[in-house]
Amino acid sequence: MSFSPGQQAKYRPLVDRAWYIVCEHTGIPPNDKAARNNWYRQQLHEAAGVFTTKQCDKAKDFDAVMMHFAIIAGDEYWMDRLSNSEERRIFRRLRMFMKDLEWLEKEPVTWDYIRGIYKQAGMLPERMRDTPAETLRKVLQMLDTYIRKICREYGIRPRELPSRAKPTTKPIAINPEAKHLRIGHDLDIAHHAELPF
């Protein structure tokens, strides 16, 4: 596997900047291809334990390799962005689950709503951004379990939910005795784009 074209477009310029910084500090000519190749392979091995990006996993290794070269290049943007990457992925997934829950419940689902569901699991901070990644992972797991339970009550499959599904050609048959879902309401989840987290 290798990095995607989009990842390569971010990765290659960062590697180039890191190389120029190394050249400035060591006096190696930037156009010394052999020196650059040796340096590059060594850095890649330090960062991900591989010698070529063809051996990299685009999901697992990209952040580690980018952080390694960002530190060498002194690139504050990438250092800051990568230090928060796990939390951003969890936030994105939580927002998707919140949209699913809103679709099921037919009412707005906010962080306060999530905090209310999980009072028994301990106090969650007032803002999602103030919640540690480890706690967010637990909330994500509990929310997934909760959504799956509601789906069983409705008689629908989780893959038919808005965030998880490829659009289905069949209409979704929902159990008419479902307690949570009020059939006939249009889903309006546009306000999620405005959520302050």
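Peer 1: I'd like a rundown of the packing of helix 4 (residues 76-83) against helix 5 (residues 85-105), residues and numbers included.
Peer 2: For the pair helix 4 and helix 5, interaxial distance at closest approach is 4 Å and the crossing angle is 50°. Taken together, the axis directions place helix 4 and helix 5 in an arrangement best described as oblique. Residues Arg81, Leu82 and Ser83 of helix 4 pack against Ser85, Glu87 and Arg88 of helix 5.

Peer 1: Go over helix 3 (residues 62-73) with me, naming the residues and quoting the values.
Peer 2: The terminal C-alpha atoms of helix 3 lie 16 Å apart, and with twelve residues this matches the ideal 16 Å at 1.5 Å per residue to within 8%. Within the span of helix 3, buried status applies to Phe62, Asp63, Val65, Met66, His68, Phe69, Ala70 and Ala73. Close packing links the buried residues of helix 3 with helix 1 (5-26), helix 2 (33-48), helix 4 and helix 5. One or two residues past the end of helix 3 sits Gly74, with phi positive at roughly 65°.

Peer 1: Quick one: what's the story with the layout of surface pockets, residue by residue and with numbers?
Peer 2: Quantified by volume, the largest pocket comes out at close to 290 Å³. Lining the largest pocket are 13 residues, and of these Phe62, Asp63, Arg81, Arg88 and Arg89 lie nearest its centre. The set of elements that each furnish at least two residues to the lining of the largest pocket consists of helix 1, helix 3, helix 4 and helix 5. Sort the elements by how many residues they give to the lining of the largest pocket and helix 5 lands first, with four residues.

Thresholds, definitions, all that
- For every chain, the first residue of the written sequence is number 1, and numbering continues from 1 onward in sequence order.
- Thresholds applied to this predicted model are a pLDDT of at least 70 for local features of residues and 80 or more for the giving and counting of side-chain atom pairs; totals over whole chains, interfaces and linings are not thresholded and use all residues.
- Computation of side-chain values covers all heavy atoms of the structure but excludes hydrogens and water.
- Note on geometry: axes are C-alpha line fits, over the in-contact stretch for helices, and angles between N-to-C directions span 0 to 180 degrees.
- Segments assigned H or I by DSSP are reported as helices when at least four residues long, segments assigned E as strands when at least two residues long, and all are numbered from the N terminus.
- When describing relative orientation, an angle under 35 degrees is termed roughly parallel and one over 145 degrees roughly antiparallel, while 65 to 115 degrees is termed roughly perpendicular and anything else oblique.
- Only heavy atoms enter the contact rule, under which two residues are in contact if any of them lie within 4.5 Å.
- For a helix, the expected span equals 1.5 Å multiplied by the number of residues minus one.
- The classification of residues rests on relative accessible area computed with a 1.4 Å probe and restricted to protein chains. Under 20% of the type maximum is buried, over 50% is exposed, and intermediate values are partly exposed.
- Site definitions follow a grid-based scheme: protein atoms alone, a 1 Å grid, a 1.4 Å probe that fits but cannot get out for cavities, and for pockets an open set with protein on both sides within 12 Å along at least five of seven lines, plus lining residues having an atom within 4 Å of a point.
- Grid points are joined across faces, edges and corners, and a volume is the space filled by probe spheres set on the points.

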